[in-house]
Amino acid sequence: MMDLVKIKKIDNHSKIKQTLLDLIDEEKGYKLSNGDHNTDVKYNISKTDWQQSPSKYVTFYLKNMKEYFEEYDFVNCSQAKVHNIWFHQYYKNDFHGWHVHGGCQFASVYYLELPNKKYATQFYDYNDDKVINVNVEEGDLIIFPSFIPHQSPKILDDSRKTVISANYSFEELKKFYYEFDL
């Protein structure tokens, strides 16, 4: 299952990082927390724009990430649709518990700020019943099937982690070729 998680270093990360952070800083955003409620997914996120209207950072992000999204063709398709894009900023004691993304086929996480690798997204492997830590660093983009359970571990120090996530789906299968007559 973990061979379906693709990691790509974003070549121009150092050039786009500050612009994206400045654009995110302009966002009103809001705190997202349900840690005190009895729900399946627990989370505490200091600032996010989840389910808000797209803003200036989204346009800038897509212009700079388009080529990276387009090169990930897991299922031999000719077209992909981005459903939504959002950011999360995590501070001390923030986390996002185990979850999957419904209504899409793939999800992505761009590590705009990742102060420590131990705060990277973790995946749960049903086949081996274990937690998988991926080897990512700031400036990496991961794309994975949205049905793989994943979480953002709790930030234990005074650092800030900023990610930009997206959901998308493939459409229109390319023509398949067979070595035999059907």
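Data block above holds the structure.
Residues numbered from 1 in each chain as written. Predicted model: local features only at pLDDT ≥ 70, side-chain atom pairs only at ≥ 80, totals over all residues. Heavy atoms only, no water.

### A short note on the overall build of the protein
- Scanning the protein from N- to C-terminus turns up two helices and eleven strands.
- The buried share among the 182 residues of the protein stands at 46%.
- In the protein, the proportion of contacts linking residues at least 24 apart, taken out of those at least 6 apart, comes to 83%.
- For the protein, the computed accessible surface area is about 10200 Å², with 48% contributed by carbon and sulfur atoms. (Helix = DSSP H or I, 4+ residues; strand = E, 2+ residues; numbered from the N terminus. Buried < 20%, exposed > 50% of the residue type's maximum accessible area, 1.4 Å probe, protein only. Contact = heavy atoms within 4.5 Å. Areas by Shrake-Rupley, 256 points an atom, 1.4 Å probe, with all protein chains shown as cover.)

### A look at the environment of glutamine 79
- On the secondary structure map, glutamine 79 appears in strand β4 (residues 77–90).
- Overall, glutamine 79 belongs to the partly exposed group, its relative accessible area being 35%.
- For the pair glutamine 79 and glutamate 171, spaced 92 residues apart in the sequence, the C-alpha separation amounts to 5.2 Å.
- Among all residues touching glutamine 79, those that are not within four sequence positions of it are Ser169, Phe170, Glu171 and Glu172.

### Quick look at the nonpolar core
- Within the largest apolar cluster, 24 residues are counted, with the highest numbers of intra-cluster contacts made by Leu20, Tyr57, Tyr61, Met65, Tyr110, Leu141 and Ile164.
- Secondary structure elements with two or more residues in this core: α1 (13–26), α2 (56–70), β4, β6 (106–113), β9 (140–145) and β11 (161–173).
- With six residues, α2 is the single largest residue contributor to this core.
- The contact partners of tyrosine 57, leaving out residues within four places of it in the chain, are Leu20, Leu23, Ile24, Glu27, Asp49, Ile85, Trp86, Phe87 and Ile164.
- In terms of nonpolar packing, the next biggest core, distinct from the first, is built from 19 residues, Tyr90, Tyr111, Ile132 and Val136 among them. (Core = buried A, V, L, I, M, F, W, Y, C linked by side-chain atoms within 4.5 Å.)

### A look at α1
- The first and last C-alpha atoms of α1 sit 20 Å apart over 14 residues, in line with the 20 Å expected at 1.5 Å per residue.
- Among the residues of α1, those classed as buried are His13, Ile16, Leu20, Leu21, Leu23 and Ile24. Along the axis of α1, the buried positions cluster into a sector of 165°, meaning they face one direction only. Within α1, the exposed residues directed more than 90 degrees away from the buried face are Ser14, Lys15 and Glu26. (Expected span 1.5 Å × (residues − 1). Arc of directions from axis to C-beta.)

### Quick look at the packing of aromatic side chains
- This model, assessed by the stated rule, comprises seven aromatic pairs.
- Look at tryptophan 98 and tyrosine 124: their rings are 5.9 Å apart centre to centre, the planes differ by 70°, and that puts the pair in the edge-to-face class. With tryptophan 98 in strand β5 (residues 95–99) and tyrosine 124 in strand β7 (residues 122–125), this residue pair connects regions lying 26 residues apart in the sequence.
- When the centroid spacing of 5.3 Å and the interplanar angle of 90° are considered together, the rings of tyrosine 124 and tyrosine 126 count as edge-to-face.
- Grouped by ring-pair contacts, the aromatic residues Trp98, Tyr124 and Tyr126 constitute a single cluster.
- Between lysine 161 and the ring centre of tyrosine 90, over which it is positioned, the NZ or CZ distance is 4.7 Å. (Phe/Tyr/Trp six-rings, centres within 6.5 Å; stacked < 30°, edge-to-face > 60°. Lys NZ or Arg CZ within 6 Å of the ring centre and 35° of its normal.)

### Considering the side chain of aspartate 94
- Within the fold, aspartate 94 resides in the loop between β4 and β5.
- Of the side chains with opposite charge, lysine 31 lies nearest to the buried aspartate 94, which makes no salt bridge, at 4.2 Å.
- Apart from residues no more than four positions distant in its own chain, aspartate 94 is found in contact with Lys31, Asn44, Ile45, Ser46, Gln89, Pro153, Lys154 and Ile155. (Lys, Arg positive; Asp, Glu negative; His and termini not counted. Salt bridge = Lys/Arg side-chain N within 4 Å of Asp/Glu carboxyl O.)

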